[in-house]
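Spelled out from the first residue to the last, the chains are:
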Amino acid sequence: MTATSLVSMSIPVELADLARALEDFGAGYLMTTTGGAVKVVTVEPVLDDGVLLVTRPGKGTVRNLAENPAVTLVFPPREEKGFSLLVDGTGSVEGEDVR
């Protein structure tokens with residue numbers, strides 16, 4: 001495939017609107033990486049005091065975050081050819097949960 005032009009499209013979501021957006025999208029995918037391998041798990045994060053909370057994403061995710069705190073959450077579109085919601089951030093482990 002050869003692209004003749006690239007157009008960047010995004011619709012920003014303000015932090016104040018993130019809780020509502022999460023309700024609209026439902027479950028998403030939490031991606032972590034370490035040693036060149038990407039781990040993807042299905043999650044249903046909630047907004048807790050302005051921070052996303054993912055409960056019990058699994059031991060592999062927690063291990064990855066110990067080495068590399070960079071995370072991406074991807075929420076697929078709810079309708080055909082709709083927009084995805086992407087959230088990039090830094091994760092921290094609290095027991096079995098991730099913030």
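So, here's what we can say about the structure. (Residues numbered from 1 in each chain as written. Predicted model: local features only at pLDDT ≥ 70, side-chain atom pairs only at ≥ 80, totals over all residues. Heavy atoms only, no water.)

## Overview of the overall build of the protein
Tallying secondary structure elements over the protein gives two helices and eight strands in all. For the protein, the residues scored as buried account for 27% of the 99 residues in total. Pairs at least 24 residues apart make up 56% of the contacts formed inside the protein by residues separated by at least 6 positions. Summed over all atoms, the accessible surface of the protein reaches about 7,100 Å², with 52% contributed by carbon and sulfur. (Helix = DSSP H or I, 4+ residues; strand = E, 2+ residues; numbered from the N terminus. Buried < 20%, exposed > 50% of the residue type's maximum accessible area, 1.4 Å probe, protein only. Contact = heavy atoms within 4.5 Å. Areas by Shrake-Rupley, 256 points an atom, 1.4 Å probe, with all protein chains shown as cover.)

## Observations regarding the pattern of salt bridges
For the structure shown, the criterion picks out three salt bridges. One salt bridge in this structure joins Arg99 and Glu94, with 2.9 Å as the shortest N-O distance. Under the relative-accessibility criterion, Arg99 is labelled partly exposed at 24%. One salt-bridge network, in which partners are shared between bridges, spans Asp48, Glu94 and Arg99. (Salt bridge = Lys/Arg side-chain N within 4 Å of Asp/Glu carboxyl O.)

## Thoughts on helix α2 (residues 59–67)
Those residues of α2 that fall on the buried side of the exposure criterion are Gly60, Thr61, Asn64 and Leu65. All buried residues of α2 fall inside an arc of 135° around its axis, so they share one side. For α2, the exposed residues set more than 90 degrees away from the buried face come down to Lys59, Arg63, Ala66 and Glu67. For α2, the elements touching its buried residues are β1 (28–34), β2 (37–43), β5 (70–75), β7 (93–94) and β8 (97–98). (Arc of directions from axis to C-beta.)

## Quick notes on the nonpolar core
Core analysis: the biggest nonpolar cluster contains 16 residues, and Leu30, Leu73, Phe75 and Leu85 have the highest contact counts within it. For this core, the secondary structure elements donating two or more residues are α1 (15–25), β2, β5 and β6 (85–90). The element best represented in this core is α1, accounting for four residues. For Leu30, the contacting residues outside a window of four places in its chain are Lys39, Val40, Val41, Val43, Val54, Pro57, Thr61, Val71, Thr72 and Leu73. (Core = buried A, V, L, I, M, F, W, Y, C linked by side-chain atoms within 4.5 Å.)

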